Amino acid sequence: MPLRKDGIETKKKILAVCVRLFLEQGYRETTISQIVEEAGVARGSFQNLFPTKDAVLMELVKPMFGGQFGVARGLVGDSLPPVYAYAAETAIQLTLTELNESLREIYLEAYTLPDTAEYIYLHTTAELKAIFGANFPRYSDSDFYEMDIGSAGLMRSYMARKCDIHFPLERKLERFLTAAMRMYKVPEAEQAGVLDFIAGLDMQAIAADVMHKLFAMLEMKYDFKLSSGDEREKEQ
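No experiment lies behind these values; they were computed from the predicted model shown.

Participant: How should I be thinking about the environment of Phe224 in this particular structure?
Facilitator: Residue placement: Phe224 occurs in the loop between α12 (203–222) and α13 (229–235). For the pair formed by Phe224 and Lys12, sequence separation is 212 residues and the distance between their alpha carbons is 9.7 Å. Not counting chain neighbours up to four residues away, the residues in contact with Phe224 comprise Ala16, Val19, Arg20, Leu218 and Glu219.

So this is what it looks like as structure tokens:
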């Protein structure tokens, strides 16, 4: 049933508060009591719209993941094979989680919670089939869905391990992409070209631009203002 106008406004208030709190203090630290108090809505109104806090995350996961392959394709262009777009998109995700700890937590929760993880599997299955279908000519959508459970688990594990001087970002990207491309039967020679391409990109600058555009999109969509980048850095 479509929401009435007052229901739409209540939902917008809740999401605005959730986005701000999730990004400024973290998903796990944000409570439903805090959300309803800051949004100025009744707890019952919150639960009518979102049975759980996890349901709010699902609302946010869709725009977060929706545009990532588009950004990656823009980086790669039309002249390179589709595996390059896959590498760029996954490298952007991994790099985003190194730039902002609250985003790391949001991505980890998205890859962990059953409903959001299922959304990611379903959203990615078609992309994987389009990119790697030639390597698995007899595989169905279900086969690629099942493979994505594995590659998404790999992604989550690398996201959870923070980079440091012993495991820098460049090494993380190389390790993840090598494992993923082997899983999807990318020839070794092509793997080397993909890794060289990613190594030649300024992934931190690219991911920072994606992050700022994501924040701006969320601010515009839900009509609120996050704290400045400098303030967010202090809070991390």
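There is more to say, and it comes next.
Participant: So what exactly am I meant to see when it comes to the packing of helix α7 (residues 101–112) against helix α9 (residues 141–160) here?
Facilitator: In a pair of packed helices, the angle between the axes and the distance between the axes together describe the arrangement. Interhelical geometry of α7 versus α9 gives an angle of 155° and a closest axis separation of 10 Å. With respect to α9, the axis of α7 lies roughly antiparallel. Crossing of α7 against α9: the hand is left-handed. For the pair α7 and α9, contact is made by Arg104, Tyr107, Leu108, Tyr111 and Thr112 and by Ala152, Met155, Arg156, Met159 and Ala160, respectively. Residue composition of the contact of α7 with α9, by class: 7 nonpolar, 1 polar and 2 charged.

Participant: How should I be thinking about the nonpolar core in this particular structure?
Facilitator: For soluble globular proteins, nonpolar side chains are generally found buried alongside one another. Ranked by size, the top nonpolar core spans 77 residues in total, and within it Leu103, Phe132 and Ile198 carry the most contacts. With 10 residues, helix α6 (residues 82–99) is the single largest residue contributor to this core. Ignoring sequence-local partners within four residues, the contact set of Ile198 consists of Ala87, Ala88, Ala91, Leu173, Leu177 and Met203.

Participant: What is the right way to read unusual backbone geometry from this model?
Facilitator: With glycine set apart, most residues show a phi of negative sign, and most peptide bonds adopt trans. For Lys185, which is not glycine, the phi torsion reads 60° and is therefore positive. By the element assignment, Lys185 lies in the loop between α10 (169–183) and α11 (188–199). Accessibility expressed as a relative area gives 53% for Lys185, which makes it exposed.

Participant: Explain the pattern of salt bridges to me, please; I cannot follow it from the model alone.
Facilitator: Pairs may arise between side chains of opposite charge once their charged atoms sit close together. Per the stated rule, a full pass over the model turns up 14 salt bridges. With a closest N to O distance of 3.1 Å, Glu98 and Arg104 form a salt bridge. Taking the relative accessible area as the measure of exposure, Arg104 reaches 4% and is therefore buried. Residues participating in the shared-partner salt-bridge network are Glu98, Glu101, Arg104, Lys162 and Lys172.

Participant: Whenever I open this one, α10 confuses me. Can you help?
Facilitator: An α-helical segment advances 3.6 residues per turn. Residues three or four places apart therefore align on the same side. The terminal C-alpha atoms of α10 lie 21 Å apart, and with 15 residues this matches the ideal 21 Å at 1.5 Å per residue to within 8%. By the burial criterion, the buried members of α10 are Leu169, Lys172, Leu173, Phe176, Leu177, Thr178, Ala180 and Met181. For α10, the secondary structure elements touched by its buried residues are α6, α7, α9, α11 and α12. Trailing α10 by a residue or two, Lys185 shows a phi angle of about 60°, which is positive.

Participant: Even after reading the chapter, I still don't get the environment of Phe197, so can you show me in this structure?
Facilitator: For Phe197, the position within the fold is in helix α11. Accessibility expressed as a relative area gives 21% for Phe197, which makes it partly exposed. Each C-alpha atom of the pair Phe197 and Lys185 lies 18 Å from the other, and the pair is 12 residues apart in sequence. Not counting chain neighbours up to four residues away, the residues in contact with Phe197 comprise Leu75, Val76, Leu80 and Tyr84.

Participant: So what exactly am I meant to see when it comes to helix α2 (residues 32–39) here?
Facilitator: Of the residues making up α2, those classed as buried are Ile32, Ile35, Val36 and Ala39. The buried residues of α2 occupy an angular sector of 90° when projected down its axis, which confines them to one face. Residue Gly40 follows α2 closely and has a positive phi angle near 70°.

Participant: Got a minute to help me understand the packing of aromatic side chains in this structure?
Facilitator: One pair of aromatic rings is described through two measures. These are the centre distance and the angle between the planes. What the rule picks out here adds up to 12 aromatic pairs. An angle of 70° between the planes, with centres 6.2 Å apart, marks the rings of Tyr86 and Tyr184 as edge-to-face. On the criterion of sequence distance, the pair formed by Tyr86 in helix α6 and Tyr184 in the loop between α10 and α11 is long-range, its members being 98 residues apart. Since its relative accessible area comes to 4%, Tyr86 is described here as buried.

Reading the values: rules and limits
Residues numbered from 1 in each chain as written. Predicted model: local features only at pLDDT ≥ 70, side-chain atom pairs only at ≥ 80, totals over all residues. Heavy atoms only, no water. Helix = DSSP H or I, 4+ residues; strand = E, 2+ residues; numbered from the N terminus. Contact = heavy atoms within 4.5 Å. Axes fitted to C-alpha atoms, helices over the stretch in contact; angles between N-to-C directions. Parallel < 35°, antiparallel > 145°, perpendicular 65-115°, else oblique. Left-handed = near helix turned anticlockwise from the far one by under 90°. Nonpolar A, V, L, I, M, F, W, Y, C, P; charged D, E, K, R; others polar. Core = buried A, V, L, I, M, F, W, Y, C linked by side-chain atoms within 4.5 Å. Buried < 20%, exposed > 50% of the residue type's maximum accessible area, 1.4 Å probe, protein only. Salt bridge = Lys/Arg side-chain N within 4 Å of Asp/Glu carboxyl O. Expected span 1.5 Å × (residues − 1). Arc of directions from axis to C-beta. Phe/Tyr/Trp six-rings, centres within 6.5 Å; stacked < 30°, edge-to-face > 60°.

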